[in-house]
Structures are given as C-alpha cells and as structure tokens.
Amino acid sequence: MNAQPDLAETSRIEAFSDGIFAIAITLLVLELHIPELEPGERLWPALVDEWPQFGAYLTSFAILGIMWVNHHSMFRQIQRADRGLMFLNLGLLLWAALLPFPTNLFAEFLQDEGSNAHVAAAVYSTNLTLAAIFFSAIWWHALRNHLVDHQMTPAEQRSSVLRYSVGTLLYAAAIGLSFISAPITLLVLFLLAVYYGFEQLRTRG
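Chemist: Please clarify how the packing of aromatic side chains should be interpreted in this entry.
Modeler: Aromatic ring pairs are defined here through the distance separating the ring centres and the angle between the ring planes. Across all of its chains, the model carries three aromatic pairs by this definition. Plain terms: the ring middles of Tyr57 and Phe61 are 5.9 Å apart, the flat faces sit at 45 degrees to each other, and that makes the pair tilted. Here Phe61 and Tyr57 lie together in helix H3 (residues 51-77), a separation of four residues that amounts to about one turn. Aromatic pair Phe106 and Tyr124: ring centres 5.1 Å apart, planes at 50 degrees, arrangement tilted. Linking Phe106 in helix H5 (residues 100-109) with Tyr124 in helix H6 (residues 116-144), this pair joins segments that are 18 residues apart in sequence. For the pair formed by Phe106 and Tyr124, the shared burial category is buried.

Pasting the structure below:
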C-alpha cells in the first residue's frame, strides 16, 4: 500500500520525541539537593527527611520512562504520519516536558499539613491526565486514519484504545484522590506506572 502524498515517515517524530523525553528525565534529577545540616546533625536522618523529593523523582522517572517505552512501541506500529498525528504528539510532549515542574511542586508540599499538599497533588495528577489523553488520542487517530499497515478488526481496535484509556480514567480519578491524601496519590500514580510497564500493545500482524 503506497503512502498518500501528504503523509510522512515517523522517524523524525520519534527522534524529536526521544530528545524531549531525555531532557525531561534529566531535569527531574536537578531538583534533588544535598540536605543542609545543622552543626552536629547526622546525614542519615536528613536524607530520610528528603523522602518526598526522592519519592516524587522515582515516580516521575518511572512515568516518563514507561511513557517513552510505550511511545516507542506504539510508533513501531504507526508507519506514516499526518499533520494531525504530529500535533497530537506535540500535545503529549507538552505535558511530558512540563512534568519536572509539578514533580518539584508535589515534592515541596507533600508533607504540608494544609491544603497546599492537596493542590500540589492535584496539579501533578492533572498534568499526567492530560498527557494520558494525548497518548490515547495518538493511537486512536492512527487507527482512524489508517496510519498503520496491519489490519485490526473493530473489536481489536476498541480493545487497544481501551487499554490506553483505562490509564486516562485512573489518572483523572487521582485528581479527586489528591484532595483526600497526597501521599496515597503518589503511591497510586507510581503503581499505575508499574502497570503500564507490563502493558504491551497487542495487535495483529
């Protein structure tokens, strides 16, 4: 099947996306700082007190890492790109590149006893929800516009889109959970990243 004139290969999209994911992951570690010790204070307890920073870093690293892996897996199936796909991919990269900011915000206020922790968790969860929406939209758009070469039945298409969309719904639910418990929200989001670490795009050859 010949590609239409207005369609392009996906190699440039993948290369550009790889760069953005790499930069975003690198920026995460820049927010980890050596604790400032008072005279006579021991290092180990001070490091333990930094657990919100390490927890937020590990969660965001896992999320971005798994997102990159699944993005690569998805674009192994997508053989051509149109303008719509490019813009949807830019939408995904917008929220992926922004993630270091809500990560730092979440870590800073995670132990706050007031409403700040809930707001920070909600901002973090909202960022991930928007990224998940664009991730699902990329695959839906690719199937709808025949940007993949293999043939899938309508039921198989719905099933594959649903597997991506489940994460979107759970990320959205985490926004509500943010106003109940910020630490539990962080744990749930980490477990969701682990779930997508095992999730694979199953298609017909």
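Chemist: Honestly, the side chain of Thr103 in this entry has me stumped. Any pointers?
Modeler: With respect to the helices and strands, Thr103 occurs in helix H5. Reaching out from Thr103, the side chain makes a polar contact with the side chain of Ser60 at a distance of 2.6 Å. Leave out the neighbours within four places in its chain, and Thr103 touches Leu28, Ala56, Tyr57, Ser60 and Tyr124.

Chemist: Explanation requested: the packing of H3 against helix H4 (residues 83-98) in the structure shown.
Modeler: Helix-helix packing is characterised by the crossing angle of the two axes and by the distance between the axes. Axis separation between H3 and H4 bottoms out at 12 Å; the angle between their running directions is 170 degrees. With respect to H4, the axis of H3 lies roughly antiparallel. Once H3 is placed against H4, the crossing between them reads as left-handed. Here H3 contributes Leu64, Met67, His71 and Phe75 to the contact with H4, which in turn contributes Leu85, Asn89, Leu92 and Ala96. Looking at the contact of H3 with H4 residue by residue, the classes come out as six nonpolar, two polar and no charged.

Chemist: Any chance you could explain a negative patch on the surface here in plain terms?
Modeler: A cluster of acidic side chains, namely Glu36, Glu38, Glu41 and Asp49, defines a negative patch on the protein surface. Its relative accessible area of 51% is what places Asp49 among the exposed residues.

Chemist: It is not clear to me how the environment of Ile34 should be interpreted in this structure. Could you clarify?
Modeler: Looking at the secondary structure, you find Ile34 in the loop between helix H1 (11-29) and helix H2 (43-48). Residues Ile34 and Ala46 lie twelve residues apart in sequence; the distance between their C-alpha atoms is 9.3 Å.

Chemist: What should I look at first to understand the packing of H6 against helix H8 (residues 182-198) in this one?
Modeler: It is at 9 Å that the axes of H6 and H8 come closest, and there the two elements cross at 20 degrees. As the angle between them shows, H6 and H8 are arranged roughly parallel. Helix-helix and strand crossings are classified by hand; for H6 and H8 the assignment is left-handed. Contacts between H6 and H8 involve Ala117, His118, Ala121, Tyr124, Ser125 and Leu128 from the former and Ala182, Thr185 and Leu189 from the latter. Classifying every residue of the contact of H6 with H8 by side-chain character gives six nonpolar, three polar and no charged.

Chemist: Before we go on, may I ask you to explain the nonpolar core in this structure?
Modeler: Generally speaking, a soluble globular protein has its nonpolar side chains buried in company with each other. Formed by 47 residues in total, the largest nonpolar core has its most connected members in Ile78 and Trp139. Elements that contribute at least two residues to this core include exactly H1, H3, H4, H6, helix H7 (154-178) and H8. Top element by residues in this core is H6. It accounts for twelve residues.

Chemist: I would appreciate a short explanation of the side chain of His71 in the present structure.
Modeler: Within the element layout of this structure, His71 appears in helix H3. In this structure, His71 is in contact with Ser17, Phe21, Asn89, Leu92 and Phe135, ignoring residues within four places of it in sequence.

Chemist: How should I be thinking about unusual backbone geometry in this particular structure?
Modeler: Most peptide bonds take the trans form, and the phi angle of most residues other than glycine is negative. Phi is positive for His146, which is not a glycine, with a value near 55 degrees. With respect to the element layout, His146 can be found in the loop between H6 and H7.

Chemist: Honestly, the environment of Ala131 in this entry has me stumped. Any pointers?
Modeler: Of note, Ala131 is situated in helix H6. On a C-alpha basis, the gap between Ala131 and Thr168 in space is 8.4 Å, while along the polypeptide they are 37 residues apart. Apart from residues lying up to four places away in sequence, Ala131 is in contact with Met67, Leu92 and Trp95.

Chemist: So what exactly am I meant to see when it comes to the confidence of the model for the chain here?
Modeler: As a note on interpretation, predicted positions should not be read in detail where pLDDT is low. Within the chain, residue pLDDT values average 85, and 89% of them lie at 70 or more. Within the chain, H2 has the poorest average pLDDT of any element, 72, and H4 the best, 96.

Rules and cut-offs
- Residues numbered from 1 in each chain as written.
- Predicted model: local features only at pLDDT ≥ 70, side-chain atom pairs only at ≥ 80, totals over all residues.
- Heavy atoms only, no water.
- Phe/Tyr/Trp six-rings, centres within 6.5 Å; stacked < 30°, edge-to-face > 60°.
- Helix = DSSP H or I, 4+ residues; strand = E, 2+ residues; numbered from the N terminus.
- Buried < 20%, exposed > 50% of the residue type's maximum accessible area, 1.4 Å probe, protein only.
- Polar contact = N/O pair within 3.5 Å; in protein donor to acceptor, adjacent residues only side chain to side chain.
- Contact = heavy atoms within 4.5 Å.
- Axes fitted to C-alpha atoms, helices over the stretch in contact; angles between N-to-C directions.
- Parallel < 35°, antiparallel > 145°, perpendicular 65-115°, else oblique.
- Left-handed = near helix turned anticlockwise from the far one by under 90°.
- Nonpolar A, V, L, I, M, F, W, Y, C, P; charged D, E, K, R; others polar.
- Patch = residues over 30% accessible without salt bridge, like charges linked within 9 Å, V, L, I, M, F, W, Y side chains within 5 Å.
- Areas by Shrake-Rupley, 256 points an atom, 1.4 Å probe, with all protein chains shown as cover.
- Salt bridge = Lys/Arg side-chain N within 4 Å of Asp/Glu carboxyl O.
- Lys, Arg positive; Asp, Glu negative; His and termini not counted.
- Charge placed at Lys NZ, Arg CZ, Asp CG, Glu CD.
- Core = buried A, V, L, I, M, F, W, Y, C linked by side-chain atoms within 4.5 Å.
- pLDDT = per-residue confidence, 0-100.

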